[in-house]
Amino acid sequence: MRLLIVEDEKELRRSILEYFNNSGVDCESAIDYESALDKFELYDYDCILLDLNLPGGSGLDLLRILKRQKPDSAVIIVSANDSLDQKLQGLDWGADDYLTKPFHLSELSARINSVLRRKSGSGSNRLVFEDLVIELSEMVVYVKDEEVNLTKKEFDILLYLVHNKNKVITKVALAEHIWGEYADSSYSYDYLYSHIKNLRKKLVDAGSTDHIKTVYGVGYKFKA
Ligand code: CA
C-alpha cells in the first residue's frame, strides 16, 4: 500500500509517517500545495490524506485538480474542528471520508482500511477493528498488514468475541460456541483458557492492543 500525507504541521506529519512506515506501509509526504501537486502528477497512491489549510493554496483546490486527473483516487480529508463546511464541500467534490484533528492514529488507520475496502468492493468479507483486520473468506487475521498465524480455534474465538464486542461473554457461551453444547465443562474451560492465552499473546506480539479482557469469574470481553 502506498500513502501520501499532505500536511504542513511538522509534528503531525512526522507521527503519521512514523506510524505507517513502522507498520510496513510505503508512506510519503508533501508539506505544501505545490509539492502535493507535483506528487499527484508523478505518482499513483492507494490513499491520500489531505489537510485543507496548506501553505501556497487550499486542499480543496488540490482535491478538485486531483479528482479531475485521477477520479478513482481515495482521499481522506484531515482537518481542524472549525472547518466543517469545507469538509462537507470536500465530500461533495469526491473525498471519501474526513477526520477531525486531533485523532488517534489507529482511528486514521481504520478509516483508511475502510475507504480502501469500499473502493475494492470487498466490504462483506472483511472485518476491521482498530489495528485488527479479519479476512473472513481466507480466515486470516492481520495486524498492521502482517499476517498473524492463528489456529482454527483461536480464529473462531476471536471472531466470536469481535462479533460481540464490548459485551461480556461467559465461559459457558464461548465454550459452547467452540465445542458445541455437549462440551464437557471443566475440561473445555481449561482448553478455552489456554486458547485465549495463546490468542492474546499472538495478537499482542504482532503489535496489536490487548483487546481481550478477562472478566474474573465470568468470562471475557473484547473491548473497544
Ligand atoms: Ca494545515
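What comes next is a walk through the structure. (Residues numbered from 1 in each chain as written. Predicted model: local features only at pLDDT ≥ 70, side-chain atom pairs only at ≥ 80, totals over all residues. Heavy atoms only, no water.)

Next up on the list: the pairing of strand S9 (residues 132–135). Judged by which residues are buried, S9 turns out to be covered on both faces: Leu132 and Ile134 on one side and Val133 and Glu135 on the other are all buried. Here 4 bridges tie strand S8 (residues 126–129) to S9, and the two strands are oriented antiparallel to one another. Paired with Val128 across the strands is Val133, a residue of S9. The hairpin formed by S8 and S9 contains 2 residues between the paired strands, and Glu130 there has a positive phi angle of roughly 45 degrees. In the sheet, S9 pairs with strand S10 (residues 140–143) via 4 bridges, with the strands oriented antiparallel. By the bridge assignment, Glu135 is partnered in S10 with Val140. With antiparallel pairing between neighbouring strands as the criterion, S9 and S10 make up a hairpin whose turn holds 4 residues, including Met139 at a positive phi of roughly 55 degrees. (Buried < 20%, exposed > 50% of the residue type's maximum accessible area, 1.4 Å probe, protein only. Helix = DSSP H or I, 4+ residues; strand = E, 2+ residues; numbered from the N terminus. Pairing = 2+ DSSP bridges.)

Strand order across the open sheet formed by 3 strands is S12-S14-S13, with antiparallel pairing between neighbours. Only two strands of the sheet have a single neighbouring strand rather than two, namely strand S12 (168–170) and strand S13 (212–215). On average, adjacent strands in this sheet sit at an angle of 30 degrees to one another, irrespective of strand direction. For S12 and strand S14 (residues 219–222), the ladder comprises 3 bridges, and the chain directions are antiparallel. Bridging across to S14, Val168 finds its partner in Lys221. Where helix H7 (residues 171–179) meets the sheet, it contacts S12 and S14, and its direction lies at approximately 65 degrees from that of S12. (Axes fitted to C-alpha atoms, helices over the stretch in contact; angles between N-to-C directions. Contact = heavy atoms within 4.5 Å.)

Right, let's talk about the packing of aromatic side chains for a bit. One pass over the structure, following the stated rule, counts 3 aromatic pairs. Taken together, a centroid distance of 6.3 Å and an interplanar angle of 70 degrees make the contact between Tyr43 and Tyr45 edge-to-face. Looking at Tyr43, the relative accessible area reads 33%, which means it is partly exposed. Ring centres of Phe129 and Phe222 lie 4.8 Å apart, and the angle between their planes is 65 degrees; this geometry places the pair in the edge-to-face category. Here Phe129 is found in strand S8, whereas its partner Phe222 is found in strand S14, with 93 residues between them in sequence. Sitting above the plane of the Tyr189 ring, Lys171 keeps its charged end 5.1 Å from the centroid. (Phe/Tyr/Trp six-rings, centres within 6.5 Å; stacked < 30°, edge-to-face > 60°. Lys NZ or Arg CZ within 6 Å of the ring centre and 35° of its normal.)

The next subject is unusual backbone geometry. Note on backbone geometry: most residues besides glycine have negative phi, and most peptide bonds are trans. The residue after Lys101, namely Pro102, is reached through a cis peptide bond having omega -5 degrees. One can find Pro102 in the loop between strand S7 (97–100) and helix H5 (105–120). With a phi angle near 50 degrees, Lys144 is a residue other than glycine that sits in the positive phi range. The exposure class assigned to Lys144 is partly exposed, which follows from its relative accessible area of 32%. Phi at Asn166 is positive, roughly 70 degrees, even though this residue is not glycine. Its location among the elements puts Asn166 in the loop between helix H6 (152–163) and S12.

So yeah, pure geometry; function would need other evidence.
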